[in-house]
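The residues making up each chain are set out below.
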Amino acid sequence: MPTVAEIVSIYPVAQYLATIDINKRGLYGGGVDVNLPRKIYMIGKTVERIYNDDPSDTTLIPTADFLYALCGKFGMQAQSISGDAGAIAGVHSTTVTPPNPLDFVVSGSSIIATGDASVNLSSFIGFNIEFVRGGITQNTTNIGGSYYTWVKSTGLFALSPAAEAGELLRISAV
Amino acid sequence: MSLTVNFTAAQTPGSPGDILFTDTSTGTDVAVTQRRIYIQTSAGDYLVESGTTTEYEVWADYPGTTSITLTDILDKDYGCRVTCQWLNVGGTVLYDKTLYYGFTCYNEDFDYETTQTVAGNPLLINDNDFWSNKGNLRTAIDSGDNAITRNSDIAAAQQCYDIATNLRLNSQYFFNINA
């Protein structure tokens, strides 16, 4: 019999395994209780809550064992599955307003401080940018002069050469 | 160093009427000496401990005391707007922070009781509407939680929690057990 900790970790897996199996069996779940995934969730949720508060709670032994019994063969299948957790994609709004441009003179306390060659612009993530340095639009291609790089997936902005005190910089999302 | 105020609220299974507040502020401000906690329900009422005559609970001894437990302050599950204020010795509010919380320990504890019941006697429970009502209870709690975590909507959350509370208080009809 698995431990309470193991049961708490496998019941969400057993839940989805049961859902898939019932769906594949067709009419009436092929004899499998069509509400089984829901039952696993309901019982698992309560057991997990108590476990998270106090793993040594003595009432967890019978309730977790019942949960494991409820999972049945899906619980055993779940025990054999291990892997890294994924993530459910969030909602991407199509009406995102771009952030306001950053327009500043380089100083010791500016967004890009004197001597800095890179900065993380998290509010610009997902946007393309336009970089103006000293009133001159900059390119990302390095032909030996001033240029910049931009990784829009991470927000990493880098400029070359490094910012000098008194320079007028402007970064706009486009 | 300036003070960045913050706090958390938590409940402990088995003590559904109590709320534990923890001050998680960072930084310092020597002017702050005390705190106040306002717990407002969706009906506009302020929840306070028995004997408290103000709309708030005093959380004194800042920064010495970082946590406070308000006892028997809840009589059922609530969606609440919780405001904590940080004040100077003269009672002037210097900082404040508002968070929205669902306090669901009553119904969560009851949900676990039903789990214990079905674990102890699965065949009996399978004979009635136990599972569908337990599903309704879980759905009501989860729905209320969603209303708060997604939209800070304590009014909608309260309606959901009250559905769950009704199932709990009338458990003899819905679950064949007593709350």
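The notes below deal with the structure included here.

1. Things to note about the interface of chain B and chain A
Taken together, the 19 residues of chain B in the interface contact 17 residues of chain A. Approximately 1,600 Å² of surface area, both sides summed, lies buried where chain B meets chain A, with 68% of it carried by carbon and sulfur atoms. In this structure, the connection of chain B to chain A is made through one salt bridge. Taking the shortest distance from any N to any O, the salt bridge between Asp 109 of chain B and Arg 49 of chain A comes out at 3.0 Å. Of all the elements in the fold, those that place two or more residues in the side of chain B that touches chain A are α1 (105-120) and α3 (130-151) of chain B. Sorting elements by how many residues they give to the side of chain B that touches chain A places α1 of chain B first, with nine residues. Residues of the side of chain B that touches chain A, tallied by class, amount to seven nonpolar, six polar and six charged.

2. Some points on the pattern of salt bridges
Residues and elements named next belong to chain B. All chains considered together, the criterion is met by twelve salt bridges over all chains. The salt bridge partner of Arg 138 is Glu 108, with a shortest N-O separation of 3.0 Å. Of this pair, Arg 138 sits in helix α3 while Glu 108 is found in helix α1, placing the two residues 30 residues apart along the sequence. Exposure class is identical for Arg 138 and Glu 108. Each is buried. Via salt bridges that share partners, Glu 108, Asp 111, Lys 134, Arg 138 and Asp 142 belong to a single interconnected network.

3. Section: the nonpolar core
Judged by nonpolar contacts, the single largest core of 38 residues is most densely connected at Leu 36, Ile 40, Ile 43, Val 47 and Leu 67 of chain A together with Trp 131 of chain B. When residues of this core are traced back to their parent elements, those giving at least two are α1 (4-25), α2 (36-53), α3 (60-71) and α4 (73-79) of chain A together with α1, α3 and α4 (154-169) of chain B. Counting residues per element, this core draws most heavily on α1 of chain A, at ten residues.

4. Notes on the pairing of strand β7 (residues 93-103) of chain B
Residues and elements named next belong to chain B. Here strand β6 (residues 78-88) runs beside β7; their pairing, made up of ten bridges, is antiparallel. Residue pairing in the sheet places Thr 83 in a bridge with Thr 98 of β7. What sits between the antiparallel neighbours β6 and β7 is a turn of four residues, in which Gly 91 has the positive phi angle 90°.

Criteria and cut-off values
- Residues numbered from 1 in each chain as written.
- Chains lettered and ligands numbered in written order.
- Predicted model: local features only at pLDDT ≥ 70, side-chain atom pairs only at ≥ 80, totals over all residues.
- Heavy atoms only, no water.
- Contact = heavy atoms within 4.5 Å.
- Buried area = accessible area lost by both parts, 1.4 Å probe.
- Salt bridge = Lys/Arg side-chain N within 4 Å of Asp/Glu carboxyl O.
- Helix = DSSP H or I, 4+ residues; strand = E, 2+ residues; numbered from the N terminus.
- Nonpolar A, V, L, I, M, F, W, Y, C, P; charged D, E, K, R; others polar.
- Buried < 20%, exposed > 50% of the residue type's maximum accessible area, 1.4 Å probe, protein only.
- Core = buried A, V, L, I, M, F, W, Y, C linked by side-chain atoms within 4.5 Å.
- Pairing = 2+ DSSP bridges.

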